[in-house]
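Spelled out, the chains give:
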Amino acid sequence: MSTLEIKDLHVSVEDKEILRGVDLTIHDDEVHALMGPNGNGKSTLLAAIMGNPKYTVTQGTITLDGQDVLSLSVDERSRAGLFLGMQYPSEVPGVTNSDFLRSAMNVRQERPVSLFKFIKGMDHAIQQLEMKPDLAHRFLNVGFSGGEKKRNEIVQMLLLKPSITMLDEIDSGLDVDALRIVANAIHAEREETHMGCVVVSHYARFLDYLNVTHAHILVDGKIVVSGGPELIHKVDTQGYDWIEKEFHVKARKEEKPQPVLLETCGAKKVE
Amino acid sequence: MERVYENRFAQTMAMDQDLNLTFNERATGSIVIFLEGPSKEMSLHLEAKSSSHVKLFIQNSMAHDLQLKVTANIAHDANLECGLLDLQNQPCHLELQGHLNEQGANMDFSIAQLCLCDCQKKSNLDITSHVSHTYGNMHNFAVVFDGGKYEMVAAGRIVKGAHASESHQETRVLTMGNNHQCVTLPILYIDEDDVKASHALSVGQPDAEQLYYLNSRGLTMRQAIGLLSVGYFKPILELIEDEELKAKIAQETEERVGMYEY
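Definitions and limits used
- Residues numbered from 1 in each chain as written.
- Chains lettered and ligands numbered in written order.
- Predicted model: local features only at pLDDT ≥ 70, side-chain atom pairs only at ≥ 80, totals over all residues.
- Helix = DSSP H or I, 4+ residues; strand = E, 2+ residues; numbered from the N terminus.
- Rg over C-alpha atoms; globule rule 2.2 N^0.38 Å.
- Buried ≥ 20, exposed ≤ 12 C-beta atoms within 10 Å, placed from the backbone.
- Contact = placed C-beta atoms within 7 Å.
- Pairing = 2+ DSSP bridges.
- pLDDT = per-residue confidence, 0-100.
- Core = buried A, V, L, I, M, F, W, Y, C linked by C-beta atoms within 7 Å.
- Axes fitted to C-alpha atoms, helices over the stretch in contact; angles between N-to-C directions.
- Parallel < 35°, antiparallel > 145°, perpendicular 65-115°, else oblique.
- Left-handed = near helix turned anticlockwise from the far one by under 90°.
- Nonpolar A, V, L, I, M, F, W, Y, C, P; charged D, E, K, R; others polar.

This part takes up the overall build of chain B. Assigned secondary structure in chain B consists of 3 helices and 16 strands. Compactness check: chain B gives a C-alpha radius of gyration of 19 Å against a globular reference of 18 Å for 262 residues, within 12% of the reference. Seen through its C-alpha atoms, chain B measures out along the principal axes to roughly 50 × 40 × 30 Å. Taken over 262 residues, chain B has a buried fraction of 44%. Counting contacts in chain B only where the partners sit at least 6 residues apart, residues at least 24 apart contribute 76% of the total.

Laid out in structure tokens, this is it:
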């Protein structure tokens, strides 16, 4: 049994408070959909749980099976059983997928995984995600399409077998067929390992595929309403306006980065 | 010591003294050399005759400082791929003179070095196209840790009259920690118009996002840095044709950079 428990979580980025008291508990076999307008803290919540150094937890607790997650480094959190499928996975030139994944699997075990077992597991995951067979030999996420990067995140999840999986808009960049493939792979893994899931997505169909058990709407750094799958369909048909009216909250508008003015550049024309 | 190779060949040897290797016409094969022994100065001369195709992997296994001088003469349509892997915590000074003497000559030289505390790795590489239609390429990779000193001067030369020749080089240096010194000087001496020449250079710390990504999959900072370092060393192992030996050296390399520190 695994339980991830978040209590009164406050998180800041560069002294700006993004999360303002989040409470959330995820058990085995549960799939929690995390929805809300862009820029209101969904990705921040997942990144803070994983320990992204850009985010500062100013208040609250996160525990995994009673263990204080906030006192753990990022790698310790991963080895404790947390997995974050990222919205924008990093590209790492020079490091092949197979070297990376074999290393990531080895740090979880007392003895290094045998080459045969590793290749068998990797081949199976690649087939499950219907990816090209050369995936193992390609540099990590380098030259991957958006969809390939997302599928590669799921390949990693299948091999690392976390107890709690967090997926940050893993459906973006996936076409209709790929969406189904990814959802099936997550579903099969849940059947096998009973992992708990937190899924950030705007896409009701993807959440339907995953058989969501709980849904939460996060607005202005707080979960303002929680419910079952019916909440997803209400948002899908009515948007978020009703939440602002009913719960007297105001969604934070996503800040668009301002263009940087480099001042005037001079060029001298020489005749 | 002198050795001459003909037809097809594959050999692994230790080198503890000056060595002259001649690859006769149309000779094709691969050689792995481990630099060993008490000598602190050694020279390696390579003579690649017409249409020979050679892969040469050299690993520094010295337990002391080393000055290595490599000279190579490449003849008509000969192809020499050569590389030095140096993971030793000992100073190493390499001088390379590659001469592309006849049309179709091709030399591809790679060097991958690990620079640890107070250990200087210094290289002067020079590949010259003396005639037309020749091809020179250098790949210089290094990982420099706290207190390491790395100096790389790589010159590609295309002399007057060597038209339609190519000279390319890339230098990639990954720096870790503080107080390291890194001097890299890519040079192209071009004295002909109709040529292709390029150089690429990057020196810098690992990207914070990349490290976070690797950490988020369970790798410690040391292991993540080790994995990034391996990416700088592994390409040179492709010069080894013996798969068993390649796997063994790959594992040694991974151990050396801390990937197995659980």
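A few words on the interface of chain A and chain B. Taken together, the contact between chain A and chain B spans 22 residues of the former and 18 residues of the latter. Listed by contribution, the elements that provide at least two residues to the side of chain A that touches chain B are helix H2 (74–80), strand S7 (92–96), helix H3 (97–106) and helix H5 (146–160) of chain A.

Residues and elements named next belong to chain A. Pairing geometry for strand S1 (residues 3–13) and strand S2 (residues 16–27), over 9 bridges, is antiparallel. Bridge pairing in S2 places Leu9 opposite Val22. Counted between consecutive antiparallel strands, the loop separating S1 from S2 contains 2 residues, among which Glu14 sits at a positive phi close to 50°. Bridge count between S1 and strand S4 (residues 56–64): 7 bridges; the pairing is antiparallel. Each bridged residue has a counterpart across the sheet, and for Glu5 the counterpart in S4 is Thr63.

What follows deals with helix H1 (residues 208–215) of chain B. By the burial criterion, the buried members of H1(B) are Leu211(B), Tyr212(B), Tyr213(B), Leu214(B) and Asn215(B). In the core, the buried residues of H1(B) are packed alongside H2 and S7 of chain A together with helix H2 (221–237) of chain B.

What follows concerns the pairing of strand S14 (residues 166–175) of chain B. Residues and elements named next belong to chain B. The buried fraction of S14 is high, at 7 of 10 residues. Of the pairings in the sheet, the one linking strand S12 (residues 135–144) to S14 comprises 10 bridges and is parallel in character. When the bridges of S14 are listed, Phe141 appears paired with Arg172.

Here the focus is the confidence of the model for chain B. Per-residue pLDDT for chain B averages 93, and the proportion of residues at 70 or more is 99%. As scored by the predictor, the complex reaches a pTM of 0.84 and an ipTM of 0.92.

Right, let's get into unusual backbone geometry. Residue and element names in this part refer to chain A. Of note, the phi angle at Asp8 is positive, near 45°, even though the residue is not glycine. Checked against the element boundaries, Asp8 lands in strand S1. Even without being a glycine, Asp220 presents a positive backbone phi close to 50°. By C-beta crowding, Asp220 is classed as partly exposed, having 18 other C-beta atoms within 10 Å.

The next point concerns the nonpolar core. One broad rule of soluble globular proteins: the nonpolar side chains tend to lie buried together. Counting residues in each nonpolar core, the largest one holds 143 residues, and the members touching the most others are Leu46(A), Ile49(A), Val199(A), Ala48(B), Ile74(B), Leu80(B) and Leu227(B). Examining the composition of this core, we find that 8 residues originate from one element, H2(B), more than from any other. For Ile74(B), the residues in contact, after removing those within four places along its chain, are Ala48(B), Leu80(B), His99(B), Leu100(B), Asn101(B), Ala105(B), Asn106(B) and Met107(B).

This brings us to the sheet that holds strand S5 (residues 67–68) of chain A. All names here are of chain A. Strand order in the open sheet formed by 4 strands is S2-S1-S4-S5, with antiparallel pairing between adjacent strands. Taken across any chain shown, the strands that pair with only one partner, and hence form the sheet edges, are S2 and S5. Against the sheet, helix H1 (residues 42–50) engages S1, S2 and S4, with an angle of about 70° to S2.

Residues and elements named next belong to chain B. Relative to each other, H2 and helix H3 (residues 243–256) sit at 160°, their axes nearing to 10 Å. Between H2 and H3, the crossing angle belongs to the class labelled roughly antiparallel. Crossing hand, H2 versus H3: right-handed. Facing H2, whose interface residues are Val230, Phe233, Lys234 and Leu237, H3 presents Lys246, Ile249, Ala250, Thr253 and Glu254. Of the residues belonging to the contact of H2 with H3, the class tally is 5 nonpolar, 1 polar and 3 charged.

What holds strands together in a sheet is hydrogen bonding between their backbones, with the strands either parallel or antiparallel. Residue and element names in this part refer to chain A. On the basis of which strands lie adjacent, the open sheet formed by 6 strands has the order S6-S9-S10-S3-S11-S12 and mixed pairing. Each having just a single partner strand, strand S6 (82–85) and strand S12 (222–227) make up the two edges of the open sheet. Ignoring strand direction, the axes of neighbouring strands in this sheet form an average angle of 20°. Bridge analysis of S6 against strand S9 (residues 164–168) gives 4 bridges, and the strand direction is parallel. Its bridge partner being in S9, Phe83 is matched across the sheet by Thr165. The strands that H5 touches are S6 and S9; relative to S6, the one it contacts most, it runs at about 165°.

Let us look at the environment of Ile26(A). Residue and element names in this part refer to chain A. With respect to the element layout, Ile26 can be found in strand S2. We classify Ile26 as buried; it has 24 C-beta atoms within 10 Å. Ile26 sits 24 residues away from Met50 along the chain, and the two C-alpha atoms are 15 Å apart. The residues touching Ile26, leaving out its near neighbours within four places in the chain, are Leu4, His32, Ile164, Gly196 and Val198.

Residues and elements named next belong to chain B. Relative to the elements of secondary structure, Glu6 occurs in the loop between strand S1 (2–5) and strand S2 (8–15). Judged by local crowding, Glu6 falls into the partly exposed class, with 15 C-beta atoms found within 10 Å. As a C-alpha pair, Glu6 and His64 span 58 residues in sequence and 34 Å in three-dimensional space. Excluding residues that lie within four positions of it along the chain, Glu6 makes contacts with Asn24 and Ala27.

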